[in-house]
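# Descriptive structure summary
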Amino acid sequence: MKDSRPAEDGTSIRRRRICPDCGGRFTTFERVQLRELMVVKKTGRKVPFDRNKLVRSFQIALRKRPVDADRIERAVSGIARRLESSGETEITSEEIGLQVLEALKSLDDVGFVRYASVYRDFSHAEDFEKVIEEINAKIARDPGLGG
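Now for a look at the structure at hand. (Residues numbered from 1 in each chain as written. Predicted model: local features only at pLDDT ≥ 70, side-chain atom pairs only at ≥ 80, totals over all residues. Heavy atoms only, no water.)

### Overview of the sheet that holds strand β5 (residues 46-48)
Taking strand neighbours across the sheet as the criterion, the 3 strands line up as β5-β4-β6 in an open arrangement whose pairing is mixed. The open sheet is flanked by β5 and β6 (90-92), the only strands paired with a single partner. For this sheet, the mean inter-axis angle between neighbouring strands, taken without regard to orientation, is 35°. Pairing analysis gives 3 bridges linking strand β4 (residues 38-40) to β5, with the strands arranged antiparallel. Following the sheet pairing, valine 39 is matched in β5 by valine 47. Helix-sheet contacts for helix α3 (residues 93-107) involve β4 and β6, and the interaxial angle to β6 is about 65°. (Pairing = 2+ DSSP bridges. Helix = DSSP H or I, 4+ residues; strand = E, 2+ residues; numbered from the N terminus. Axes fitted to C-alpha atoms, helices over the stretch in contact; angles between N-to-C directions. Contact = heavy atoms within 4.5 Å.)

Laid out in structure tokens, this is it:
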């Protein structure tokens, strides 16, 4: 027996099933994958796109930050959808990193700075100062963002 319906985020199908042997119930979430995407690393090595790695990047950057898991899921789904519908079969890790940075910029300034420090390979205090100046300039343009 199974019960299928769109998941709350609208990007997957939620299926409830019952095992015919043991009667145990379980839920699966299934996503449509438009094409096999390969990520080209800085070294030139190619690896299959892994949505879970994207989720972990957000979780690490936003650890102990007041960002709802649903907002993270929506950001990850948006990035994955853009990548899959781009028509490309290969995407650079750099392009994915830029999309993560852009999403974090609107989710949480601290998470943005954390991710940027790794992504941009910060090595001096001045690197942090530059990013913080960018954030302050953004807040000055739109005071509602100061939150």
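### Quick look at the nonpolar core
Counting residues in hydrophobic clusters, the biggest one holds 29 residues, and the most contacted among them are Phe49, Leu54, Phe58, Ile96, Val100 and Leu104. When contributions to this core are tallied by element, the ones reaching two or more residues are α1 (51-61), α2 (69-84), α3 and α4 (109-119). Ignoring sequence-local partners within four residues, the contact set of phenylalanine 58 consists of Ile72, Ala75, Val76, Ile79, Val100, Ala103, Leu104 and Leu107. (Core = buried A, V, L, I, M, F, W, Y, C linked by side-chain atoms within 4.5 Å. Buried < 20%, exposed > 50% of the residue type's maximum accessible area, 1.4 Å probe, protein only.)

### Description of the side chain of serine 77
Position of serine 77 relative to the elements: it lies in helix α2. For serine 77, the side chain forms a polar contact with the side chain of arginine 51, separated by 2.6 Å. (Polar contact = N/O pair within 3.5 Å; in protein donor to acceptor, adjacent residues only side chain to side chain.)

### Things to note about the pattern of salt bridges
Summed over all chains, the structure comprises 3 salt bridges. Between glutamate 90 and lysine 46 there is a salt bridge, with the nearest N and O atoms lying 2.7 Å from each other. Note that glutamate 90 is positioned in strand β6 and lysine 46 in strand β5, a separation of 44 residues in sequence. Exposure remark for glutamate 90: the relative accessible area of 36% places this residue in the partly exposed category. Residue class for lysine 46 comes out partly exposed when judged on its relative accessible area of 43%. With a closest N to O distance of 2.7 Å, arginine 51 and glutamate 73 form a salt bridge. Of this pair, arginine 51 sits in helix α1 while glutamate 73 is found in helix α2, placing the two residues 22 residues apart along the sequence. (Salt bridge = Lys/Arg side-chain N within 4 Å of Asp/Glu carboxyl O.)

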